[in-house]
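Fold and contact review
If you want the building blocks of each chain, they are given just below.
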Amino acid sequence: METLTQQYNQLKAVVEKAAGRKMCTPRDFDFLAMRIFDTTRTYMSPTTLKRFWGYLNNGKSYQPRKSTLDLLSIYVGYKDFDSYCLSSSGNNSINSDYIKSPTLYVTSLAKGNIVKLMWDPNRCVRVKYLGDDMFEVVESVNSKLSEGDRFCCGCFIDGEPLYLTRLVRNDQALGAYVCGQDGGIKFFIENGGG
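Residues numbered from 1 in each chain as written. Predicted model: local features only at pLDDT ≥ 70, side-chain atom pairs only at ≥ 80, totals over all residues. Heavy atoms only, no water.

Let us now look at the pattern of salt bridges. Side chains carrying opposite charge are able to pair once their charged atoms draw close together. Evaluated as defined, the whole model comprises ten salt bridges. The residue Asp82 makes a salt bridge to Lys66 at a minimum N-O spacing of 3.7 Å. Pair noted here: Asp82 is in helix α5 (residues 81-88) and Lys66 is in helix α4 (residues 66-75), with a separation of 16 residues, a long-range link. For the salt bridge of Glu139 with Arg126, the shortest nitrogen-to-oxygen distance reads 3.4 Å. Of this pair, Glu139 sits in strand β4 (residues 134-141) while Arg126 sits in strand β3 (residues 123-131), placing them 13 residues apart in sequence. A residue is classified by how much of its surface remains accessible, and Glu139, at 31% relative accessible area, is partly exposed. Residues participating in the shared-partner salt-bridge network are Lys66, Asp70 and Asp82. (Salt bridge = Lys/Arg side-chain N within 4 Å of Asp/Glu carboxyl O. Helix = DSSP H or I, 4+ residues; strand = E, 2+ residues; numbered from the N terminus. Buried < 20%, exposed > 50% of the residue type's maximum accessible area, 1.4 Å probe, protein only.)

This part takes up the confidence of the model for the protein. Mean pLDDT over the protein works out to 87, with 90% of the residues at or above the 70 mark. The least confident element of the protein is α5, whose mean pLDDT is 82; the most confident is β4, at 96. (pLDDT = per-residue confidence, 0-100.)

Within the secondary structure, Asn113 sits in the loop between β1 (103-105) and β2 (114-119). Taking the relative accessible area as the measure of exposure, Asn113 reaches 5% and is therefore buried. A polar contact is formed between the side chain of Asn113 and the backbone nitrogen of Ala110, at a distance of 2.6 Å. (Polar contact = N/O pair within 3.5 Å; in protein donor to acceptor, adjacent residues only side chain to side chain.)

What follows deals with helix α3 (residues 46-53). The element α3 is extensively covered by neighbouring structure, given that six of its eight residues are classed as buried. Taken as a whole, α3 has its buried residues at Pro46, Thr48, Leu49, Lys50, Phe52 and Trp53. In this structure, the buried residues of α3 make contact with α1 (4-19), α2 (26-40) and α4. At the C-terminal side of α3, Gly54 shows a positive phi close to 85°. (Contact = heavy atoms within 4.5 Å.)

If you walk across this open sheet you meet the seven strands as β8-β7-β5-β4-β3-β2-β9, and the pairing is antiparallel. Looking at the sheet topology across the chains shown, the edges are occupied by β8 (172-179) and β9 (185-189). Averaged over neighbouring strand pairs, the angle between their axes works out to 30° when direction is ignored. For β2 and β3, the ladder comprises six bridges, and the chain directions are antiparallel. (Pairing = 2+ DSSP bridges. Axes fitted to C-alpha atoms, helices over the stretch in contact; angles between N-to-C directions.)

All right, on to the packing of aromatic side chains then. For any pair of aromatic rings, geometry is given as the distance between the ring centres together with the angle between the planes. Enumeration over the complete set of coordinates arrives at ten aromatic pairs. Both rings, one in Phe81 and one in Tyr84, keep their centres 6.0 Å apart while their planes meet at 20°; by these two values the pair is stacked. Here the residue Phe81 and the residue Tyr84 both occupy positions in helix α5, the gap between them amounting to three residues, near one helical turn. An identical accessibility class is assigned to Phe81 and Tyr84; each is buried. Aromatic pair Tyr129 and Phe135: ring centres 5.0 Å apart, planes at 50°, arrangement tilted. A relative accessible area of 0% places Phe135 in the buried class. Through successive ring pairs, a cluster of aromatic residues spans Tyr8, Phe29, Phe52, Trp53, Tyr55, Tyr78, Phe81 and Tyr84. Positioned above the aromatic ring of Phe31, the side-chain terminus of Arg21 is 3.7 Å from the ring centre. (Phe/Tyr/Trp six-rings, centres within 6.5 Å; stacked < 30°, edge-to-face > 60°. Lys NZ or Arg CZ within 6 Å of the ring centre and 35° of its normal.)

Where α3 meets α4, the closest approach of the two axes is 12 Å, and the angle between their N-to-C directions is 95°. By the angle class used here, α3 and α4 are roughly perpendicular. In this structure, α3 uses Thr48, Leu49, Phe52 and Trp53 to contact α4, whose residues at the interface are Thr68, Leu69 and Leu72. Here the contact of α3 with α4 is composed, by residue class, of five nonpolar, two polar and no charged. (Parallel < 35°, antiparallel > 145°, perpendicular 65-115°, else oblique. Nonpolar A, V, L, I, M, F, W, Y, C, P; charged D, E, K, R; others polar.)

Below, the structure is given as structure tokens:
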């Protein structure tokens, strides 16, 4: 039988995996609070998260509220903390789940739409939709992608890596490419196209 401390530590590990980063700095906790809100539409303060992770406790014992445990469990795909405990049974990973992050499906774009893509560290690429799931890079800042590169993509998912297929540069096929492997991408539609 697992202790509560073991269950809490497992939940922390699952949350960190879902967030794509370890909780080590104040910025990490701010990021996680934002991701939890984006996914669940419920706010949890970075201070509460810091207490749960032991970042603020100074050796003092901390007992999280049930609402804190429930919200963290919901964030990683469970109904509540009890459901998490019942189904985790020592397994601290979720292999399949519905995508809860904002998603831009290519079918909603018109030819000529410009999509701005950003990922860490300080990467920014603007791509033009050409139709038939095909894009062309029109601007690239701090990225290995180059202006004029073309690729295929079916959707953009906020906070997830972006996988490009059939990347072509100067009529040379380069294969597949991943953007934002650590931490995912952010996307923005810049114009109405036409």
